[in-house]
Structures are given as C-alpha cells and as structure tokens.
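Chain by chain, the residues run as shown.
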Amino acid sequence: MTPDYKDDILLLKQLKAKNIQAFKYLYTHNRKWLYVLAVSILKDKREAQELVQELFIDFWQEALHQHITSSIKSYLSNAIKNKAYNFTRNDGIHKQRENDISLSNEFILPA
Amino acid sequence: MTQKYDIDYLFAGKVAGSLNNDELLEIGMLISQDEAIRLRWNEFIASLPENNELVPPKDWLDLTTMFQQSDKGCMHRTLLKKMVLVSILAVICITVYLYSPKKTTTNTIKLQLANGQVIDLNKVEDINTQLNNTNNTLSYKDGSTGMNSLTTPVGIDYKIRLNDGTEIWLNALTQLDFPFAFIGNTREITINGEAYLKIAKDENRPFIIHLPHNDIKVLGTEFNVNSYDSGIVKVSLVEGALNLLQGEKTISVKPGMEVIADGKITLHNFDERQVLGWRKGMYYFYDADLKEISKVLPRWFGITVVIDTPTIINRKFAGVVDKNQPIEVFIDNLKTVANIDCFYDKPQNTLHFK
C-alpha cells in the first residue's frame with residue numbers, strides 16, 4: 001500500500017524525512033508533464049528526458065525540497081524551465097566551438 | 001498573480017495526459033474563456049515537435065533503486081566529474097583525429113600470446129596443434145592462464161570460442177584480451193571495439209567484461225557491446241539479464257534495451273537490425289550524418305574518406321551498407337538516393353564527398 005501523497009504538505013514532510021517511497025511518488029507522477037515542458041523548450045526528446053532525470057537526481061541528492069516555498073508543481077515547473085534554458089544556451093556555445101574546430105578545408109578521417 | 005495552478009503545469013500535463021479531472025476541467029475552462037491563455041496554449045502546442053502527439057517515453061531510469069543501492073548520494077558528483085573528463089577527452093580526440101597521419105593497415109587477424117609471441121591467423125602453417133582456425137573461427141586446447149590478445153583488422157570480422165563455451169564475434173578493428181583457461185571465481189575478458197557475445201551459463205563463475213570506461217557483469221546472456229566511439233560505450237541486451245557497472249553504481253539492463261554510457265547513463269529500446277546487422281555484414285543507418293557514415297566506411301572497406309565541402313557534414317541520411325558488395329555499389333546508391341556528389345579515387349583508395 002502506498003500512502004496518499006496528493007497533499008503537498010504531507011509529501012514535503014515525507015521528502016524531508018528522506019522517505020524514498022515519497023520520492024518515488026514525486027518522480028513517477030511528475031516526470032511525464034515535466035518531459036513535455038522540457039521538449040517544448042529544447043525540441044529534443046532525448047535531451048528532455050535526460051534533463052528531467054537530472055532534475056530528480058538533484059532533487060534527491062541535494063535535498064531541493066527545502067527550497068520549495070509555493071507548490072511543488074510550480075517549483076518543478078520553474079526548475080525544469082531554468083534547466084532547459086540553461087541547456088539551450090550552453091548547447092549553443094558548445095556547437096559554436098565545435099564548428100570552430102571542425103571547419104577545416106581538408107577533413108581527413110584516419111583509416 | 002495568484003493562481004491555484006501553475007499554467008505551464010496544466011499545459012504540459014494536458015499534452016502528457018497526466019491531469020486529474022479537476023485540473024482538466026480547469027484548463028478547459030481557461031482555454032475556452034481566457035483569450036490570453038488561449039493564445040499561450042496555441043503557442044505551446046506549436047512549440048512541440050509533433051504537436052499533439054507527443055508520447056512521453058517509457059524507459060525512465062529507476063532512480064529509486066539507484067539511490068537505494070548507493071550508500072551516500074555521491075553519484076551525481078562522480079557523474080559530473082566524468083562528464084567534464086569526457087568533454088576534455090573529446091577535444092583531445094578531435095584534435096588527434098584531425099592531425100593524425102593516415103595509418104597503414106594490414107589485413108591480418110593477429111593473436112598475441114601471453115608470452116609475447118605473435119601468431120598470424122591468416123597463415124595456416126603458423127597454427128600449431130593447440131589452435132584450430134577453421135571457418136573464420138578460433139578454438140583451442142591450450143590451458144595456459146595468461147592474457148592473450150586477439151585483434152581484427154579493417155574489414156574483417158572473426159569468431160572465437162573460449163574454453164568455457166562462450167562464443168564471441170568480433171567486428172572489424174576490435175581487440176579482445178582473454179586467457180586460454182579461466183581460473184578462480186570469475187571469468188574476465190577485455191573488449192575494445194565492437195563484439196557480440198554469447199556467454200556460456202555458469203552461475204558459480206560470473207563473467208566480467210572490461211570495457212574502456214565500464215565493466216559488465218553477467219551469468220549467461222547474449223548481447224552486443226560497442227565502444228568504437230571514444231568515451232561512449234553502448235551495450236545492447238538480446239537475451240537474459242545484464243548488469244553494467246559504472247563506478248560504484250550498478251545498472252540493470254533488460255532484454256531489448258540498450259544502455260549508453262557516455263559519462264551519463266541512458267537506457268532505451270534498440271533496433272535489432274541496426275545494432276546487430278554487422279554480423280551479417282550489413283550496417284544500417286537511420287538519420288545518420290556524414291560524419292557517422294565516414295567512420296564506418298574506413299572500418300569496413302579500408303578506404304580513406306575525405307569530405308571536401310565541410311558544410312555537408314551535418315546532412316542526414318538513411319540507408320544500408322553491405323560489406324559483401326564492392327564500395328562502388330554503396331556509392332552509386334548514395335548518389336541516386338541522397339543526391340550527394342562523391343567520387344571514388346581508386347588508385348588513392350580514397351572516397352571524396354563534395
């Protein structure tokens with residue numbers, strides 16, 4: 001039997017107590033919509049899934065629940081948006097650098 | 001603005017199909033009654049790649065189990081460190097890649113014994129009575145336990161049967177380190193390149209495969225490993241069960257799943273034809289760029305690939321390379337289907353993409 005974690009206050013309390021079942025509930029009930037939100041910014045499904053997974057890894061390991069002041073869902077929504085925007089920015093810089101090195105006239109691949 | 005629900009949550013949840021009835025009602029009302037929200041909703045839908053048909057993935061990492069297995073939450077930091085290391089390595093590799101001189105290739109399957117002696121498996125007279133090299137397969141009666149090293153050249157794949165009954169198919173340009181006889185409580189080998197493994201069942205002696213950045217531990221299974229790209233290991237499980245060890249962590253893989261370890265770990269379903277096609281001499285590529293194709297062609301045909309127009313490197317292709325056909329067949333197909341200009345300079349053994 002899994003207890004009912006629909007109530008934010010109860011869920012937060014259990015997360016503070018490092019209850020892994022509470023975390024499991026949080027992860028399985030929120031990853032789908034967070035994924036859709038991440039795709040809408042990144043346009044890349046695989047990266048979106050990775051960012052959502054990363055967010056939950058951070059959430060557990062860095063005890064991010066302590067930063068939640070409003071609702072859990074608004075917190076997660078803002079967190080994934082920030083992550084996605086940071087990613088697109090860094091990815092842009094990364095691609096630019098990659099282009100800078102690979103733009104040589106003679107691109108010879110070793111056999 | 002005080003709102004009961006986060007609007008992005010409602011939008012994303014509606015697309016993901018994860019809203020409850022109250023929330024569905026709320027978003028339905030908002031979209032139909034509030035002009036501003038309706039516009040935002042339309043923008044949101046338009047920003048998704050497949051509009052309404054975005055299906056969330058099913059292959060999520062089992063974080064709960066991962067956290068339970070780790071004593072302290074140190075995984076993320078190790079992962080981060082690895083990612084940084086991988087990106088530094090990538091820069092070094094690209095640099096070496098661009099400036100390394102053309103390697104000369106020899107077409108021999110080489111077996112280097114633990115004592116340093118090198119045997120050319122293409123020359124039958126070199127094979128002594130302990131080794132049997134028929135039908136492109138090596139089996140042996142030797143019982144020594146030192147590590148031998150088997151290397152396949154460009155364009156050649158080869159099969160070996162180990163003394164515990166395990167069978168290993170090596171793709172071109174792959175190195176396998178193995179002992180003639182396994183001693184102790186484990187069976188351990190090392191692979192660098194691509195191989196398909198059929199591990200003989202022995203519950204008392206787990207089989208451990210050392211890869212460039214990871215280890216795999218199995219009891220008896222069938223799977224493919226690919227570490228051709230530096231920094232990336234791909235393991236695709238066909239049958240049985242398998243554990244990938246990344247640092248202190250263990251990732252369990254189920255049949256039909258492929259795990260990609262490139263500093264981070266990703267699990268997804270794989271296309272058997274695409275991953276295992278090499279064993280039949282076929283290389284399937286889907287949505288691949290010229291860079292990826294250029295890596296396979298030298299490995300299979302022993303040719304040099306030169307991309308004369310750097311801008312075409314990111315163009316995407318789908319198709320198949322048949323190793324048993326001459327390279328000209330592939331070039332003809334590519335020219336007609338992909339509308340790309342290339343020519344094969346036979347005396348120089350070089351393929352130019354223009």
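Rules used in this analysis
Residues numbered from 1 in each chain as written. Chains lettered and ligands numbered in written order. Predicted model: local features only at pLDDT ≥ 70, side-chain atom pairs only at ≥ 80, totals over all residues. Heavy atoms only, no water. Axes fitted to C-alpha atoms, helices over the stretch in contact; angles between N-to-C directions. Helix = DSSP H or I, 4+ residues; strand = E, 2+ residues; numbered from the N terminus. Parallel < 35°, antiparallel > 145°, perpendicular 65-115°, else oblique. Left-handed = near helix turned anticlockwise from the far one by under 90°. Contact = heavy atoms within 4.5 Å. Nonpolar A, V, L, I, M, F, W, Y, C, P; charged D, E, K, R; others polar. pLDDT = per-residue confidence, 0-100. Pairing = 2+ DSSP bridges. Phe/Tyr/Trp six-rings, centres within 6.5 Å; stacked < 30°, edge-to-face > 60°. Lys NZ or Arg CZ within 6 Å of the ring centre and 35° of its normal. Buried < 20%, exposed > 50% of the residue type's maximum accessible area, 1.4 Å probe, protein only. Lys, Arg positive; Asp, Glu negative; His and termini not counted. Salt bridge = Lys/Arg side-chain N within 4 Å of Asp/Glu carboxyl O. Expected span 1.5 Å × (residues − 1). Arc of directions from axis to C-beta. Core = buried A, V, L, I, M, F, W, Y, C linked by side-chain atoms within 4.5 Å. Domains from an automatic or database assignment.

A. Summary view of the packing of helix 1 (residues 7-16) of chain B against helix 3 (residues 35-46) of chain B. Residue and element names in this part refer to chain B. Helix 3 packs onto helix 1 with a crossing angle of 50° between their chain directions and a minimal axis gap of 11 Å. When the axes of helix 1 and helix 3 are compared, the pair comes out oblique. Of the two possible hands of crossing, helix 1 and helix 3 adopt the one that is right-handed. Taken together, the residues of helix 3 that come into contact with helix 1 (itself represented by I7, D8, F11, A12, K14 and V15) are I37, R40, W41, F44 and I45. Each residue belonging to the contact of helix 1 with helix 3 can be placed in one class, and the counts come to eight nonpolar, no polar and three charged.

B. Representation of the confidence of the model for chain B within the structure. Residue and element names in this part refer to chain B. On average, residues of chain B score 77 in pLDDT, and 83% of them reach the 70 mark or higher. Looking over chain B, one finds the lowest element-wise mean pLDDT in helix 5 (residues 75-99), namely 45, and the highest in strand 9 (residues 187-192), namely 92. When the criterion is pLDDT under 50, residues 87-105 qualifies, and its contacts beyond four places in sequence or with other chains add up to 14 contacts.

C. Region of interest: unusual backbone geometry. The backbone phi angle of K43 of chain A is positive, close to 60°, even though this residue is not glycine. With respect to the secondary-structure elements, K43 of chain A resides in the loop between helix 2 (20-42) and helix 3 (45-61).

D. Region of the structure containing the sheet that holds strand 4 (residues 137-140) of chain B. All names here are of chain B. One open sheet holds the nine strands; their spatial order is 3-4-6-7-10-13-14-17-18, and the pairing between them is mixed. Either end of the sheet is taken by a strand with one partner, and the two such strands are strand 3 (131-134) and strand 18 (265-269). The sheet shows a mean angle of 20° between the axes of neighbouring strands, taken without regard to direction. As paired elements, strand 3 and strand 4 share four bridges and run antiparallel to each other. Following the sheet pairing, L131 is matched in strand 4 by Y140.

E. Spotlight on the packing of aromatic side chains. Evaluated as defined, the whole model comprises 14 aromatic pairs over all chains. A network of ring pairs unites the aromatic residues F23, Y27, Y35, F56 and W60 of chain A together with W60 of chain B as a single cluster. Here K18 of chain A stacks its cationic end above the ring of W60 of chain A, 4.1 Å away from the centre of that ring. For R31 of chain A, the ring lying beneath its charged end belongs to Y27 of chain A, and the centroid distance is 4.8 Å.

F. Molecular detail of the packing of helix 1 (residues 8-16) of chain A against helix 2 of chain A. Residues and elements named next belong to chain A. Between helix 1 and helix 2, the least distance of the axes is 8 Å, while the angle of their chain directions is 125°. Considered as vectors, helix 1 and helix 2 are oriented oblique to each other. Two packed elements cross with a definite hand, and for helix 1 against helix 2 that hand is left-handed. Facing L11, Q14 and L15 of helix 1, the residues of helix 2 in contact are A22, F23, Y25 and L26. Of the residues that constitute the contact of helix 1 with helix 2, the class distribution is six nonpolar, one polar and no charged.

G. Structural context of the side chain of D59 of chain B. Locating D59 of chain B in the fold gives a position in the loop between helix 3 and helix 4 (63-69). The buried charged residue D59 of chain B lacks any salt bridge, with R46 of chain A as its nearest oppositely charged partner at 7.7 Å. Excluding its chain neighbours within four sequence positions, the residues that come into contact with D59 of chain B are Q49 and Q53 of chain A together with M257, L267, H268 and N269 of chain B.

H. Looking closely at the environment of I189 of chain B. All names here are of chain B. For I189, the location among the structural elements is in strand 9. Accessibility expressed as a relative area gives 0% for I189, which makes it buried. Along the chain, I189 and L176 lie 13 residues apart, while their C-alpha atoms are 7.2 Å from each other. Leaving out residues up to four positions away in the same chain, I189 has contacts with L162, I168, L176, D177, F178, P179, F182, L197, F207, I208, I209 and H210.

I. Up close: helix 3 of chain A. Residues and elements named next belong to chain A. End to end, helix 3 covers 24 Å across 17 residues, agreeing with the expected 24 Å (1.5 Å per residue, within 8%). Among the 17 residues in helix 3, 14 count as buried, and that is most of the element. A63, located one to two residues past helix 3, shows a positive phi value of around 50°.

J. Representation of the pairing of strand 10 (residues 194-198) of chain B. All names here are of chain B. Most of strand 10 sits inside the fold, with four of its five residues counted as buried. Sheet topology places strand 7 (residues 167-170) next to strand 10; four bridges connect them, and they run antiparallel. Bridge assignment links W169 to a residue of strand 10, and that residue is Y196. In terms of strand pairing, strand 10 meets strand 13 (residues 222-226) through five bridges, oriented antiparallel. The residue of strand 13 that forms the bridge with K198 is E222.

K. Main features of helix 1 of chain A. Residue and element names in this part refer to chain A. The complete set of buried residues in helix 1 reads L11, L12 and L15. Buried residues of helix 1 fall within an arc of 100° about the axis and therefore sit on the same side. Summarising the geometry of helix 1, the exposed residues directed more than 90 degrees from the buried face are I9, K13 and K16.

L. Structural context of the nonpolar core. In terms of nonpolar packing, the biggest core is built from 100 residues, with I189 and F223 of chain B touching the most fellow members. Among the elements that make up this core, the one with the highest residue count is helix 2 of chain A (15 residues). Three or more residues apiece are contributed to this core by two domains, here domain 1 (7-53) and domain 2 (110-275) of chain B. Counting 31 residues, the second-largest nonpolar core is a separate cluster that includes F270, I303, I312 and L334 of chain B.

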